[in-house]
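# Examining the three-dimensional arrangement
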Amino acid sequence: MRLVILDNYDLASEWAAKYICNRIIQFKPGQDKYFTLGLPTGSTPLGCYKKLIEYHKNGHLSFKYVKTFNMDEYVGLPRNHPESYHSYMWNNFFKHIDIDPNNAHILDGNAADLQAECDAFEKKIKEAGGIDLFVGGIGPDGHIAFNEPGSSLVSRTRLKTLAMDTILANAKYFDGDLSKVPTMALTVGVGTVMDAREVMILITGAHKAFALYKAIEEGVNHMWTVSAFQQHPRTIFVCDEDATLELRVKTVKYFKGLMHVHNKLVDPLYSMKEGN
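The residue numbers shown here count from 1 along each chain, following its written sequence. Selection of residues for local features in this predicted model requires a pLDDT of at least 70, selection of side-chain atom pairs for listing and counting requires 80 or more, and totals for whole chains, interfaces and linings are taken over all residues. The basis for every side-chain value is the complete set of heavy atoms in the structure, and neither hydrogens nor water enter the calculation.

Let us look at the pairing of strand S3 (residues 66-70). Only protein chains enter the area calculation, which uses a 1.4 Å probe; residues under 20% of their type maximum are buried, those over 50% are exposed, and those in between are partly exposed. Where helices and strands are cited, they refer to DSSP runs of H or I of at least four residues and of E of at least two residues respectively, numbered from the N terminus. Of all 5 residues that make up S3, 4 are buried, and the element is covered over most of its length. In short, DSSP must find at least two bridges between two strands for them to pair. Note that strand S2 (residues 35-39) and S3 share 5 bridges and pair parallel. The residue bridging Leu37 from the neighbouring strand is Thr68, located in S3. We call a crossover right-handed when, viewed with both strands directed away from the observer, the connection leading from the first strand over the helix to the second proceeds clockwise. On the question of chirality, the crossover connecting S2 to the parallel S3 by way of helix H2 (residues 46-57) is right-handed. As judged from the 2 bridges shared by S3 and strand S5 (residues 104-105), these two strands associate in the parallel manner.

See the structure below:
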């Protein structure tokens, strides 16, 4: 497990985007070899998506041979609804890059058979060769995707009833009208994300500080599902200073020291400077 601490949200977003860019370029994807990327929604990854679009438009990065699998989608919300995750992904990312729409996989919350939709999603991931890098964000209660407190840490893609806290938090996106907020969602499971070869979790803001503390300084706990990634062989938590407020000083100094060593030995990021 690695914790990367940047000064602020913008620098954390840039670091994450460069890391994704680096992984895709190193992979050397092609017609017979697609890079497979798991993606989140929410406010946290917006800065990262903005930087990835910039790298694409600057000619540094192509998504032509990339397949994506999104974490979740609301049940019963029309696909073209401004708050659907289909709309989020297309408006904030996909329409700005060169990805083949057939390679951008998002769960269908309006499928006639929701369980069959979830099973098919797992099958598509397997047929794609598994996820190379799964990027995620978390909620203040430490949930990843819609794996809210109490979710099984070996769960797979499934239909999930949303907690009242989540429904209340989402009301701001639906004119404050609770009756308009979806109460169910399709979501990948913790086990689905754990199967990825590498996981990168973005955690920014003081309101996520306690969740970060639970994620890395305490034990694995199904009430804080993000804590499961302590047991993944390749997890990187990327955060800003505000998100470290609940961590021990010793913990912060330890991981900052590792960053210094990493940067001195070999800069792990692909250089985005002109001419590289």
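The discussion continues.
A few words now on the side chain of Ser84. Its location among the elements puts Ser84 in the loop between strand S4 (72-74) and helix H3 (85-92). Note on Ser84: relative accessible area 0%, which makes it buried. Looking at Ser84, its side chain comes within polar contact range of the main-chain nitrogen of Ser87, at 3.0 Å. Any N or O atom pair separated by 3.5 Å or less is treated as a polar contact, with the protein-specific requirement of one donor-capable and one acceptor-capable atom, and with residues adjacent in sequence counted only for side-chain atom pairs.

This part covers the environment of Phe94. For Phe94, the location among the structural elements is in the loop between H3 and S5. Sequence separation between Phe94 and Ala215 is 121 residues; the distance between their C-alpha atoms is 30 Å. Beyond its immediate chain neighbours, meaning those up to four positions away, Phe94 contacts Leu39, Thr68, Asn70, Met89, Ile99, Ala104 and Ile106. In what follows, residue pairs with any heavy atoms lying within 4.5 Å of each other are defined as contacts.

Moving on: the pairing of strand S1 (residues 2-6). The side chains of a regular strand alternate between both faces of the sheet. In terms of residue burial, S1 counts as a mostly covered element, since 5 of its 5 residues are buried. The pairing of S1 with strand S10 (residues 235-240) spans 5 bridges and is parallel. Paired with Ile5 across the bridge in S10 is Cys239.

Glancing now at the UniProt feature "domain: Glucosamine/galactosamine-6-phosphate isomerase" (unreviewed entry) in the protein chain. UniProt positions are given in the numbering used here, feature names are shortened, and annotations may be inferred rather than shown by experiment. The UniProt entry lists residues 15-232 under the feature "domain: Glucosamine/galactosamine-6-phosphate isomerase" (unreviewed entry), expressed in the numbering used here. End C-alpha to end C-alpha, residues 15-232 measures 21 Å, and it is 31% helix and 15% strand.

The parallel open sheet is built from 7 strands, whose spatial order is S1-S10-S9-S6-S2-S3-S5. The open sheet has two edge strands with one neighbour each: S1 and S5. Across 4 bridges, strand S6 (residues 133-137) lies against strand S9 (residues 199-203) in parallel orientation. From the neighbouring strand, Gly136 faces S9, where its bridge partner is Ile201.

Only residues above 30% relative accessible area that lack a salt bridge enter a patch, with like-charged residues linked at up to 9 Å and the nonpolar side chains Val, Leu, Ile, Met, Phe, Trp and Tyr linked at up to 5 Å. Areas reported here follow the Shrake-Rupley algorithm with a probe of radius 1.4 Å; residue values treat only the protein chains shown as occluding. For salt bridges, the criterion is a side-chain nitrogen of Lys or Arg within 4 Å of an Asp or Glu carboxyl oxygen. Side chains of Met164, Leu168 and Leu178 sit close together on the surface and give an oily, nonpolar patch of about 290 Å² of accessible area. Within the secondary structure, Leu178 is located in the loop between helix H5 (164-170) and strand S8 (184-187).

Take the packing of helix H1 (residues 9-27) against H2 next. In this analysis an axis means a line fitted to C-alpha atoms, helices contributing only their contacting stretch, and an angle means the value between N-to-C directions, from 0 to 180 degrees. Close contact between H1 and H2 brings their axes to 8 Å; oriented N to C, the two are set at 50°. Regarding the angle of H1 to H2, the classification is oblique. Every pair of crossing elements has a handedness; the one defined by H1 and H2 is right-handed. Along its contact with H1, which presents Tyr9, Ser13, Glu14, Ala16, Ala17, Lys18, Ile20 and Cys21, the element H2 presents Leu46, Gly47, Cys48, Lys51, Leu52 and Tyr55. When grouped by side-chain class, the residues that make up the contact of H1 with H2 number 9 nonpolar, 2 polar and 3 charged. Oblique is the label for any angle not under 35 degrees, not over 145, and not in the 65 to 115 range, which are roughly parallel, roughly antiparallel and roughly perpendicular in turn. Crossing chirality is assigned from the near helix's rotation relative to the far helix, an anticlockwise turn below a right angle marking it left-handed and a clockwise turn marking it right-handed. Residues were grouped as follows: Ala, Val, Leu, Ile, Met, Phe, Trp, Tyr, Cys and Pro as nonpolar; Asp, Glu, Lys and Arg as charged; and all remaining residues, including Gly, as polar.

With that settled, consider the packing of H2 against H3. Where H2 meets H3, the closest approach of the two axes is 10 Å, and the angle between their N-to-C directions is 40°. Judged by the inter-axis angle, H2 sits oblique to H3. Taking contact as the criterion, the partners of Leu46, Tyr49 and Ile53 in H2 are, on H3, Tyr88, Met89 and Asn92. Of the residues contributing to the contact of H2 with H3, the split by class is 5 nonpolar, 1 polar and no charged.

Take the buried residues of types Ala, Val, Leu, Ile, Met, Phe, Trp, Tyr and Cys, join any two whose side-chain atoms come within 4.5 Å, and each joined set is a nonpolar core. Counting 74 residues, the largest nonpolar core has Leu52, Phe93, Met200 and Phe237 as its most contacted members. A total of 8 residues in this core trace back to one element, the largest contributor, which is H1. Other than its neighbours up to four places away in sequence, Met200 contacts Trp15, Ala16, Tyr19, Ile20, Leu133, Phe134, Val135, Gly136, Ile236 and Val238. Among the nonpolar cores identified, the runner-up in size contains 10 residues, and Leu162, Ile167, Phe174 and Val181 belong to it.

This part takes up H1. Take the residue count of a helix, subtract one, and multiply by 1.5 Å to get its expected span. Taking 1.5 Å per residue, 19 residues should reach 27 Å; H1 reaches 27 Å between its end C-alpha atoms and fits that length. Regarding H1, the residues found buried are Ala12, Ser13, Trp15, Ala16, Ala17, Tyr19, Ile20, Cys21, Asn22, Arg23 and Ile24. Where H1 begins, the capping side chain belongs to Asn8, and its oxygen is found 3.2 Å from the backbone nitrogen of Asp10. Lys28 lies just past H1 and shows a positive phi near 55°.

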